[in-house]
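Geometric and topological summary
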Amino acid sequence: MLKKGTKLYSILTGSCPKCHSESMYKSKNLYDPSMTLKMNETCSHCGTKYKIEPSFFYGAMYISYGVGIAFSVAAFVISYVFLKTSLKISFIAIIATLVFFMPVIMRVSRNIWVNFFLKYDPKISKKQA
Ligand SMILES: [Zn+2]
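Residues numbered from 1 in each chain as written. Predicted model: local features only at pLDDT ≥ 70, side-chain atom pairs only at ≥ 80, totals over all residues. Heavy atoms only, no water.

For the zinc ion, the full set of protein donor atoms is C16 (SG), C19 (SG), C43 (SG) and C46 (SG), and the range of their distances to it is 2.2 to 2.4 Å. Angles of 104 to 113° at the metal separate the four donor atoms of the zinc ion, which places the site in the tetrahedral class. Read from N- to C-terminus, the donor residues coordinating the zinc ion fall into the pattern C-x2-C-x23-C-x2-C. Judged by relative accessible area, which is 0%, C16 ranks as buried. The class for C19 is buried, based on a relative accessible area of 0%. (Donors = N, O, S within 2.8 Å, 3.2 Å for Na, K, Ca; no water. Tetrahedral: all angles 85-135°; square planar, octahedral: opposite > 155°, others 65-115°. Buried < 20%, exposed > 50% of the residue type's maximum accessible area, 1.4 Å probe, protein only.)

Here we take up the packing of aromatic side chains. In total, this model carries 10 aromatic pairs according to the counting rule given. Summarising the aromatic geometry, the rings of F56 and F117 are spaced 5.2 Å apart at their centres and angled 75° between planes, so their arrangement reads as edge-to-face. Of this pair, F56 sits in the loop between helix 1 (7–13) and helix 2 (60–82) while F117 sits in helix 3 (residues 87–117), and the two are 61 residues apart along the sequence. Overall, F56 belongs to the buried group, its relative accessible area being 6%. By relative accessible area, F117 is classed as partly exposed at 45%. Consider the rings of F76 and Y80, whose centres lie 5.1 Å apart with planes at 20°: the pair is stacked. Of the two residues, F76 and Y80 are both situated in helix 2; the distance of four residues between them amounts to about one turn of the helix. (Phe/Tyr/Trp six-rings, centres within 6.5 Å; stacked < 30°, edge-to-face > 60°. Helix = DSSP H or I, 4+ residues; strand = E, 2+ residues; numbered from the N terminus.)

In structure tokens form, the structure reads like this:
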């Protein structure tokens with residue numbers, strides 16, 4: 001299901017939104033706080049500039065609210081509905097989830113954001129691959 005050429009692929013892997021050939025991020029280790037949001041300037045395969053304009057990625061903050069809520073709801077449902085914990089424990093589960101997945105949420109939000117503006121181009125992908 002996770003195929004190259006779909007927006008989901010780029011969003012979940014953090015790969016270049018245009019050619020899907022390489023990661024936008026300098027490090028795979030998103031749990032190193034100094035590397036979480038370190039991105040390459042451009043894609044070395046297709047030359048796409050990720051930061052379309054200065055402070056482009058500020059917009060990703062709005063996405064991260066939504067993504068954070070999605071994670072919270074998921075944590076709540078798993079804890080309260082499936083594990084039948086108390087409300088208090090369920091809220092602790094939400095906070096723990098948000099803290100634990102913060103780097104993921106931050107990256108996924110950027111990936112979603114950049115995929116709003118840039119589209120996969122199979123021609124670019126093929127030529128360079
Ligand atoms: Zn590329």
